[in-house]
Amino acid sequence: MPAGRSKCRLRYVDYYIMQEKIFLINSPDETESLAYSIGQRFHGGECIELVSDLGGGKTTFTRGLVRGLGSFDSVSSPTFTIGKQYKTDSITCYHFDFYRLLEPGLAIEELAEALEDNQGVIVVEWAESVASVLPEKRIVILFENVADNSQSRKCIVKYPSDYHQIMELASV
């Protein structure tokens, strides 16, 4: 872990009253299934911040989300490339991973540009260094290990009330 990084922390903006829904996920397939069910209901303009330790399920979640949006592009972690795009006929999913960047430099401009795409869905991992450009109205998803089972994770979803219907229909 780069210097200055702490273990996963849930950060979200208090400007919006955030609702919370918790899912118990027992496998990578269930992580993808949950994300798929969310992605099917997105129309563009959504932003998700994913929070977990290394290997916590962020890329697996993104893979399911991309499938739910209707793309069959191969999804992999953008750790070394900072950002990747996955396309459907009408939506582009922008997937950013700022793990290696304590200072985002020009990458913050790429993120800001993607955030202007109303037909885009933005997924950001390790967002501490770019928090200043993330929209206040975003979904924050925290993956926590369940102590007695290495495969199980608690998925805590914090979201503004605008996303209530999407999250109420989400399922594993």
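Reading the values: rules and limits
- Residues numbered from 1 in each chain as written.
- Predicted model: local features only at pLDDT ≥ 70, side-chain atom pairs only at ≥ 80, totals over all residues.
- Heavy atoms only, no water.
- Helix = DSSP H or I, 4+ residues; strand = E, 2+ residues; numbered from the N terminus.
- Buried < 20%, exposed > 50% of the residue type's maximum accessible area, 1.4 Å probe, protein only.
- Contact = heavy atoms within 4.5 Å.
- Areas by Shrake-Rupley, 256 points an atom, 1.4 Å probe, with all protein chains shown as cover.
- Patch = residues over 30% accessible without salt bridge, like charges linked within 9 Å, V, L, I, M, F, W, Y side chains within 5 Å.
- Salt bridge = Lys/Arg side-chain N within 4 Å of Asp/Glu carboxyl O.
- Lys, Arg positive; Asp, Glu negative; His and termini not counted.
- Charge placed at Lys NZ, Arg CZ, Asp CG, Glu CD.
- Pairing = 2+ DSSP bridges.
- Arc of directions from axis to C-beta.
- Polar contact = N/O pair within 3.5 Å; in protein donor to acceptor, adjacent residues only side chain to side chain.
- Axes fitted to C-alpha atoms, helices over the stretch in contact; angles between N-to-C directions.
- Parallel < 35°, antiparallel > 145°, perpendicular 65-115°, else oblique.
- Left-handed = near helix turned anticlockwise from the far one by under 90°.
- Nonpolar A, V, L, I, M, F, W, Y, C, P; charged D, E, K, R; others polar.
- Core = buried A, V, L, I, M, F, W, Y, C linked by side-chain atoms within 4.5 Å.

Visitor: What should I look at first to understand the overall build of the protein chain in this one?
Guide: Tallying secondary structure elements over the protein chain gives four helices and seven strands in all. The proportion of buried residues among the 172 residues of the protein chain is 49%. Taking contacts inside the protein chain between residues at least 6 apart in sequence as the whole, the part at least 24 apart equals 66%. For the protein chain, the exposed surface amounts to about 8,500 Å²; the carbon and sulfur share of it is 48%.

Visitor: Where do I start with a negative patch on the surface in this structure?
Guide: Together, Glu109, Glu110, Glu113 and Glu116 give the surface a local cluster of negative charge. Here Glu113 lies in helix α3 (residues 107-115). You can call Glu113 exposed: its relative accessible area is 61%.

Visitor: Whenever I open this one, the pairing of strand β4 (residues 92-97) confuses me. Can you help?
Guide: Looking along a regular strand, one sees side chains alternate from face to face of the sheet. The element β4 is extensively covered by neighbouring structure, given that six of its six residues are classed as buried. The alternating pattern of β4 places Thr92, Tyr94 and Phe96 on one face and Cys93, His95 and Asp97 on the opposite face, and all of these are buried. Bridging between strand β3 (residues 83-87) and β4 involves five bridges; their strand directions are antiparallel. Bridge pairing in β4 links Gln85 to Tyr94. Hairpin connection, β3 to β4: the antiparallel pair is bridged by four residues. Summarising the sheet, β4 and strand β5 (residues 120-125) pair through six bridges and their orientation is parallel. Within β5, the residue paired with Tyr94 across the bridge is Ile122.

Visitor: Whenever I open this one, α3 confuses me. Can you help?
Guide: Count 3.6 residues to each turn of an α-helix, and residues three or four apart come out pointing the same way. Of all the positions in α3, only Ala107, Ile108, Leu111 and Ala114 are classed as buried. Looking straight down α3, one finds its buried side chains confined to an arc of 120°; they lie on one side. The outward face of α3, more than 90 degrees from its buried face, is lined by the exposed residues Glu109 and Glu113. In this structure, the buried residues of α3 make contact with β4 and β5.

Visitor: Would you explain the side chain of Ser71 in this entry?
Guide: Mapping Ser71 onto the fold places it in the loop between α2 (58-69) and β3. With relative accessibility at 2%, the residue Ser71 sits in the buried group. Looking at Ser71, its side chain comes within polar contact range of the main-chain oxygen of Lys87, at 3.2 Å. Beyond its immediate sequence surroundings of up to four residues, Ser71 is in contact with Val66, Tyr86, Lys87 and Thr88.

Visitor: Sorry if this is basic, but what is going on with the packing of helix α1 (residues 28-39) against α2 here?
Guide: In a packed pair of helices, the relevant descriptors are the angle between the two axes and the axis-to-axis distance. Packing of α1 against α2 leaves a shortest axis separation of 7 Å and a crossing angle of 40°. Considered as vectors, α1 and α2 are oriented oblique to each other. At the point where α1 passes α2, the crossing takes the right-handed sense. Judged by residue contacts, Pro28, Thr31, Glu32, Ala35, Tyr36, Ile38 and Gly39 of α1 engage Thr60, Phe61, Arg63, Gly64, Leu65, Arg67, Gly68 and Leu69 from α2. Tallied by class, residues from the contact of α1 with α2 come to seven nonpolar, five polar and three charged.

Visitor: Can you help me understand the nonpolar core in this one?
Guide: In summary, soluble globular proteins display a tendency toward joint burial of nonpolar side chains. One finds Ile38, Phe42, Phe61, Leu65, Ile139 and Ile141 to be the most contacted residues of the largest nonpolar core, which totals 28 residues. Elements supplying a minimum of two residues to this core: β1 (18-25), α1, β2 (47-51), α2, β5, β6 (139-146), β7 (149-160) and α4 (164-169). Of the residues forming this core, the biggest block, four residues, is contributed by α2. Apart from the residues within four sequence positions on either side, Ile139 is in contact with Phe42, Cys47, Ile48, Glu49, Val157, Lys158, Tyr159, Tyr163 and Met167. Formed by 14 residues, the second largest nonpolar core is a distinct cluster that contains Ile82, Ile108, Ala114 and Leu134.

Interpretation in functional terms is not warranted from these geometric data alone.
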